[in-house]
Amino acid sequence: ANVTVGPLTGYTFSLDNATFGATRTFSLPGTQSQIIYVRFSPVLVQSYDGNIPVSGGGAAAIDVPVTGSGVNSV
């Protein structure tokens, strides 16, 4: 069944650590596992605390807590 990761403002997701997007949806048959790469991508000087939603795959939805701070640097 399909599993969806994201979205959460300030974070992007990838299945291959090369192509990142606001969400990622993938099929996961049986008892296989999938590595999800998470990139912190702030666009403002602010806090980016929240929960990354993970849903589907025939399991109960979960939220993965994350925290980050956008800073202004050259």
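So, here is what we can say about the structure in this document. All values derive from a computational prediction rather than experimental measurement.

**A look at the pairing of strand S2 (residues 11–14)**
On S2, burial covers both faces: Tyr11 and Phe13 on one face and Thr12 and Ser14 on the other are all buried. Pairing of S2 with strand S4 (residues 37–40) involves four bridges; the strand directions are antiparallel. Residue pairing across strands places phenylalanine 13 opposite valine 38, the latter belonging to S4.

**Some remarks on the packing of aromatic side chains**
In the structure shown here, the tally under the stated rule is two aromatic pairs. Aromatic pair tyrosine 11 and phenylalanine 40: ring centres 5.2 Å apart, planes at 45°, arrangement tilted. In this pair, tyrosine 11 is assigned in strand S2 and phenylalanine 40 in strand S4, connecting sequence segments 29 residues apart. Accessibility expressed as a relative area gives 33% for phenylalanine 40, which makes it partly exposed. Taken together, Tyr11, Phe40 and Tyr48 form an aromatic cluster joined through their ring pairs. Arginine 39 extends its terminal NZ or CZ atom over the ring of phenylalanine 20, reaching a point 3.7 Å from the ring centre.

**A word on the nonpolar core**
Val3, Val5, Leu8, Tyr11, Phe13, Phe26, Tyr48, Ile52 and Val54 form the largest nonpolar core, which has nine residues in total. Among the secondary structure elements, those contributing two or more residues to this core are strand S1 (2–5), S2 and strand S5 (50–56). Aside from chain neighbours lying at most four places away, what touches valine 54 is Val3, Thr4, Val5, Ala61, Ile62 and Val64.

**Things to note about the sheet that holds strand S6 (residues 59–66)**
Pairing within the open sheet is antiparallel, and its four strands lie in the order S3-S1-S5-S6. With one partner strand each, in any of the chains shown, strand S3 (24–27) and S6 form the two edges of the open sheet. Within this sheet the neighbouring strands show an average axis-to-axis angle of 15°, counted without direction. In the sheet, S5 pairs with S6 via six bridges, with the strands oriented antiparallel.

**A short note on unusual backbone geometry**
In the segment running from glycine 6 into proline 7, the intervening peptide bond is cis, with an omega of 5°. Along the chain, proline 7 falls in the loop between S1 and S2. Of note, asparagine 17 is a non-glycine position whose phi angle comes to about 60°, a positive value. Here asparagine 17 falls in the partly exposed class, since its relative accessible area comes to 44%.

Calculation notes
Residues numbered from 1 in each chain as written. Predicted model: local features only at pLDDT ≥ 70, side-chain atom pairs only at ≥ 80, totals over all residues. Heavy atoms only, no water. Buried < 20%, exposed > 50% of the residue type's maximum accessible area, 1.4 Å probe, protein only. Helix = DSSP H or I, 4+ residues; strand = E, 2+ residues; numbered from the N terminus. Pairing = 2+ DSSP bridges. Phe/Tyr/Trp six-rings, centres within 6.5 Å; stacked < 30°, edge-to-face > 60°. Lys NZ or Arg CZ within 6 Å of the ring centre and 35° of its normal. Core = buried A, V, L, I, M, F, W, Y, C linked by side-chain atoms within 4.5 Å. Contact = heavy atoms within 4.5 Å. Axes fitted to C-alpha atoms, helices over the stretch in contact; angles between N-to-C directions.

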